[in-house]
Structures are given as C-alpha cells and as structure tokens.
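This is what each chain is made of:
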Amino acid sequence: MDNDTDLRFALQVAGAELADTPPPSDSPLGRLRLFAVANPGVQLTAGHVHKALAGTLGLRSDRP
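Let us look at the structure shown here. (Residues numbered from 1 in each chain as written. Predicted model: local features only at pLDDT ≥ 70, side-chain atom pairs only at ≥ 80, totals over all residues. Heavy atoms only, no water.)

On to the overall build of the protein. In terms of helices and strands, the protein carries 3 helices and 0 strands. Beginning at the N terminus, the succession of helices and strands in the protein can be written as α-α-α. The C-alpha atoms of the protein give a radius of gyration of 15 Å, which is well past the 11 Å a tight globule of 64 residues would have. Put simply, the protein has 64 residues, and 17% of those count as buried. The long-range share in the protein, meaning contacts at least 24 apart out of those at least 6 apart in sequence, stands at 20%. (Helix = DSSP H or I, 4+ residues; strand = E, 2+ residues; numbered from the N terminus. Rg over C-alpha atoms; globule rule 2.2 N^0.38 Å. Buried < 20%, exposed > 50% of the residue type's maximum accessible area, 1.4 Å probe, protein only. Contact = heavy atoms within 4.5 Å.)

Shown next, in the form of structure tokens:
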C-alpha cells in the first residue's frame, strides 16, 4: 500500500475521509484557510480555531 491508501484507510476506520477539494469557505476549516491567506505573518492559535468554530473569525488579524 502507498501512503495515500494507508491514510485513506486510517481515516475510514476513524469515520472520516480525505477530501480531494478545499473545504467550503463558510466552514470552520475554510475560514481558517482564508484567514491564514489574508494574514501570512500570523501564527494560528487555538483562539483562532475557537473563533472559526464559533463563526466569529474575520479575515483580518487583530494584531496591528
């Protein structure tokens, strides 16, 4: 088995799947990706993840 097949099998066992397309922009992961692109110098933290999950993460960093 190659690594991709191993990963897909492990994710299937865990009840998940490997996506072949980017996540929707209105999903938590999609919001995190958009934020990271808009703020390349900002290191993502747990606070960013919590805001993305809550739907309150904007595209601009709160840092000056």
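This part is about the nonpolar core. Across soluble globular proteins, nonpolar side chains show a tendency to be buried alongside one another. Core analysis: the biggest nonpolar cluster contains 5 residues, these being Leu32, Phe35, Val42, Ala52 and Leu57. Excluding its chain neighbours within four sequence positions, the residues that come into contact with Ala52 are Pro28, Arg31, Leu32 and Leu57. (Core = buried A, V, L, I, M, F, W, Y, C linked by side-chain atoms within 4.5 Å.)

Turning next to helix H2 (residues 28-38). The set of residues buried in H2 consists of Gly30, Arg31, Leu32 and Phe35. As for H2, its buried residues are in contact with helix H3 (46-54).

Worth remembering: the numbers are spatial, not functional.
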